[in-house]
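Understanding the architecture of this molecule
Here is what each chain is made of, one letter per residue.
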Amino acid sequence: MEGREKPEHLLALKVMRLTRPTLASPVCVQTESTDLLGMVLNNQLKNDITAVPGAESFAIGQFLLLPQSFGNIYLGETFSSYICVHNDSTQSAKDVTLKADLQTSSLRIPLTGHQGDSVARDLEPGHNLDEVIHHEVKEIGTHILVCEVSYSPQSLTSNRLSFRKFFKFQVVKPLDVKTKFYTAESDEVYLEAQVQNITSGPISLEKVTLESSHLFNVTALNTKTNGESVFGPVNCVPANASRQFLYCLRPQASLTEDLKLLSGATNIGKLDIVWRSNLGERGRLQTSQLQRMAPEYGDMRLSVQELPNIVQLEEPFDFQCRIINTCERTLDISLRLESCPGLAWCAVSGQQLGKLEPGQSTYLTLTVVPLLPGLQNISGIRLVDTFLKRTYDYDELAQVYVTEGVGFVAA
C-alpha cells in the first residue's frame, strides 16, 4: 500500500535572532613599492569600501555587518528572537496560533503562546503573524528554541494542521571567577575576586559588587581616595585578561560576642557582575553563595584590642589583649612571658589570671619597653591551662613601629 504524501502547509515559519551587528573590517594585505606587484594591493585596500580612509592598514571597519547565523550566546545575556509566521499561499488560514518554548538540558521554558497570551488570528494571503521574545539565559549548554504553528485551512472538511521547527544554539561561559579568602586576627574577612574575560573579544566591566550575607557588612576596596575606580572610568578588559577586586567583610557585633556563631558564619555572599560587549550589549552574571573555611579557635583565643601604631624608643607603652574561653569547660589560666627580640616586658611572668567560664572573656593589659628602632613584632606570650598543663603560644601577635625620637632644647 502506497503511503500518502503529506500536503504542503499554507504557512511558512521564519526565525531570526535579534542581536547587535558587528563592524565589517577589510582584509589587510600590503605590499612594498619594490615588490613585483608594486602598489597594486595597497591601492585595492584603499578602494575597499569597508576600510576607513587614512587608516586602511589598521583593518578598522566602518560598515555594520548583520549576523549570519544564530551563533553562540553568553551566560547572563538576554536571548532575543523575532518569529514570523507568513501566509505565502492563495488561501486563508483560520485560527492561527504560535507557541514557542526554550528547551535546556533540565528545563522547558515557555516563552509565548501559552495560556492567556495565546490569541488565535486569521491570516489572509500575504499577511504575517509576528512575535518578539526575550529571555535571560541562566544555564550553560545546548538550548533548543521549539516553535509550533497550528491553524485550520479554509476548507471546513479539513482537520486542524500543525508543524514544528527547531533552532539549536549554544550558551557558553563568558567569565571565569576565582576567589581567595583571608581571615584577620580582628575577625575581618578579606575576599579577593579575580574576574577573567574568556569571551572572544574585549568587554567592559560595568559593575562588580559583593552582595554580602546578613552576617557581615561589606566594604569595597577598589576605589581611590577621591572615589574613582582604580581601573579608571571605563574598565575595559581584553580577551583572556583579568581584573582583581578586593572586599573587606566585618562581622556583625552579635557575632563578635559569640565565637560559636562567628565560626559558623561561612556564607559570605554573592558576586554580582554586569558587563557590556559587542557595541554595548549587556550581560549580567551572579555567582552562587561564596563559602569560606570555618575558622579554628581551639580552647582559647588571644586577640589584640588596643595597640599604638608608632612608639618611641625606650619609652614604655601599653597594649590591651582579650582572652576568650572557646571550649566547653572552665579554664584556670596563668600568664608566662618569654623574651622578645627588640622589646622588654614590664610585667610579672607566672601571674595567675584566674578562672574563665565557657564563652566568657577577660581583658589583659601589658606594658612593653622598645629597645630597638624599626618595625618590631610582639611575641613571647604564653597562656597556660593549669588543669591540663597545656601551654598556648602566641608569637608575632602584632607589630609596632619604633622611632628614635628627636630631642628639643628649651629656649
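A brief report on the enclosed structure follows. Note that the structure is predicted; figures quoted are calculated from it, not measured.

Cut-offs used in this document
Residues numbered from 1 in each chain as written. Predicted model: local features only at pLDDT ≥ 70, side-chain atom pairs only at ≥ 80, totals over all residues. Heavy atoms only, no water. Helix = DSSP H or I, 4+ residues; strand = E, 2+ residues; numbered from the N terminus. Contact = heavy atoms within 4.5 Å. Areas by Shrake-Rupley, 256 points an atom, 1.4 Å probe, with all protein chains shown as cover. Buried < 20%, exposed > 50% of the residue type's maximum accessible area, 1.4 Å probe, protein only. Pairing = 2+ DSSP bridges. Axes fitted to C-alpha atoms, helices over the stretch in contact; angles between N-to-C directions. Phe/Tyr/Trp six-rings, centres within 6.5 Å; stacked < 30°, edge-to-face > 60°. Core = buried A, V, L, I, M, F, W, Y, C linked by side-chain atoms within 4.5 Å. Salt bridge = Lys/Arg side-chain N within 4 Å of Asp/Glu carboxyl O. Polar contact = N/O pair within 3.5 Å; in protein donor to acceptor, adjacent residues only side chain to side chain.

Considerations on the overall build of the protein chain
Per the secondary structure count, the protein chain includes three helices and 31 strands. Taking the intrachain contacts of the protein chain between residues at least 6 apart in sequence as the baseline, contacts between residues at least 24 apart amount to 70%. When the accessible surface of the protein chain is totalled, it reaches about 24200 Å², and 51% of it is carbon and sulfur.

A short note on the pairing of strand S10 (residues 141–153)
Taken across its 13 residues, S10 has 10 buried, putting it largely inside the fold. Two elements, strand S6 (residues 93–103) and S10, share nine bridges in a ladder whose sense is antiparallel. For Thr-97, the partnering residue across the bridge sits in S10 and is Ser-150.

Description of the sheet that holds strand S29 (residues 381–385)
Pairing in this open sheet of four strands is antiparallel, and the strands run S26-S24-S29-S30 from one edge to the other. What marks the edges here is a single partner per strand, and that holds for strand S26 (352–356) and strand S30 (390–394). The mean angle between the axes of side-by-side strands here comes to 25 degrees, regardless of whether they run parallel or antiparallel. Looking at chain direction, S29 and S30 are connected through five bridges and run antiparallel. Looking at S30, one finds that Leu-383 is bridged to Tyr-392.

Structural notes on the packing of aromatic side chains
In this structure the tally under the stated criterion is three aromatic pairs. Ring geometry for Phe-319 against Trp-345: centres 6.4 Å apart, planes inclined by 45 degrees, an arrangement best described as tilted. Here Phe-319, found in strand S23 (residues 317–325), pairs with Trp-345, found in strand S25 (residues 343–345); they are 26 residues apart in sequence, far enough to count as distant.

Observations concerning the sheet that holds strand S31 (residues 398–403)
Judged by pairing direction, the sheet is mixed, and its three strands sit side by side in the order S22-S31-S28 without closing on themselves. Looking at which strands have only one partner, the edges of the open sheet turn out to be strand S22 (310–312) and strand S28 (374–378). Direction aside, neighbouring strands of the sheet carry axes that sit 40 degrees apart on average.

Quick look at the nonpolar core
Leu-11, Leu-13, Val-85, Val-96, Leu-145 and Leu-205 are the most contacted members of the largest nonpolar core, which has 48 residues in total. Sort the elements by how many residues they give to this core and S6 lands first, with five residues. Residues contacting Leu-11, with those up to four places away along its chain left out, are Val-85, His-86, Asn-87, Asp-88, Ala-93, Val-96, Leu-123, Val-149, Tyr-151 and Phe-163. Counting 28 residues, the second largest nonpolar core, distinct from the first, contains Cys-327, Ile-333, Leu-335 and Cys-340.

Details of the pattern of salt bridges
If you walk through the whole model with that rule in mind, you get 13 salt bridges. With its nearest N and O atoms 3.4 Å apart, the salt bridge here joins Glu-338 to Arg-336. Its relative accessible area of 30% is what places Glu-338 among the partly exposed residues. Owing to a relative accessible area of 34%, Arg-336 belongs among the partly exposed residues under this scheme. With its nearest N and O atoms 3.1 Å apart, the salt bridge here joins Asp-395 to Arg-382.

Quick look at the side chain of Ser-152
In this structure, Ser-152 sits in strand S10. If sequence neighbours within four positions are ignored, Ser-152 has contacts with Ala-93, Lys-94 and Arg-160.

Quick notes on the environment of Thr-219
For Thr-219, the position within the fold is in strand S15 (residues 216–220). For Thr-219, a relative accessible area of 33% translates into the label partly exposed. Residues in contact with Thr-219, not counting those within four places in the same chain, are Tyr-247, Cys-248 and Arg-250.

Overview of unusual backbone geometry
Both trends apply: most residues other than glycine have a negative phi, and most peptide bonds are in trans. Of note in the backbone geometry, Glu-314 takes a positive phi value of approximately 65 degrees without being a glycine. Within the element layout of this structure, Glu-314 appears in the loop between S22 and S23. On the basis of relative accessibility, which here comes to 58%, the residue Glu-314 falls in the exposed class. The backbone of Lys-389 shows a phi angle near 55 degrees, a positive value even though the residue is not glycine.

Quick notes on the side chain of Asn-222
By secondary structure assignment, the location of Asn-222 is in the loop between S15 and strand S16 (236–237). In terms of polar contacts, Asn-222 uses its side chain to reach the backbone amide nitrogen of Leu-246, at 2.8 Å. Contacts of Asn-222, omitting those with residues within four sequence positions, involve Glu-228, Ser-229, Val-230, Gln-244, Phe-245, Leu-246 and Tyr-247.

Some details on the environment of Pro-358
Along the chain, Pro-358 turns up in the loop between S26 and strand S27 (361–370). With relative accessibility at 32%, the residue Pro-358 sits in the partly exposed group. In the structure, Pro-358 is positioned 33 residues away from Asn-325 in sequence and 5.4 Å away in space, judged by C-alpha atoms. For Pro-358, the residues in contact, after removing those within four places along its chain, are Asn-325, Cys-327, Glu-328, Arg-329 and Thr-330.

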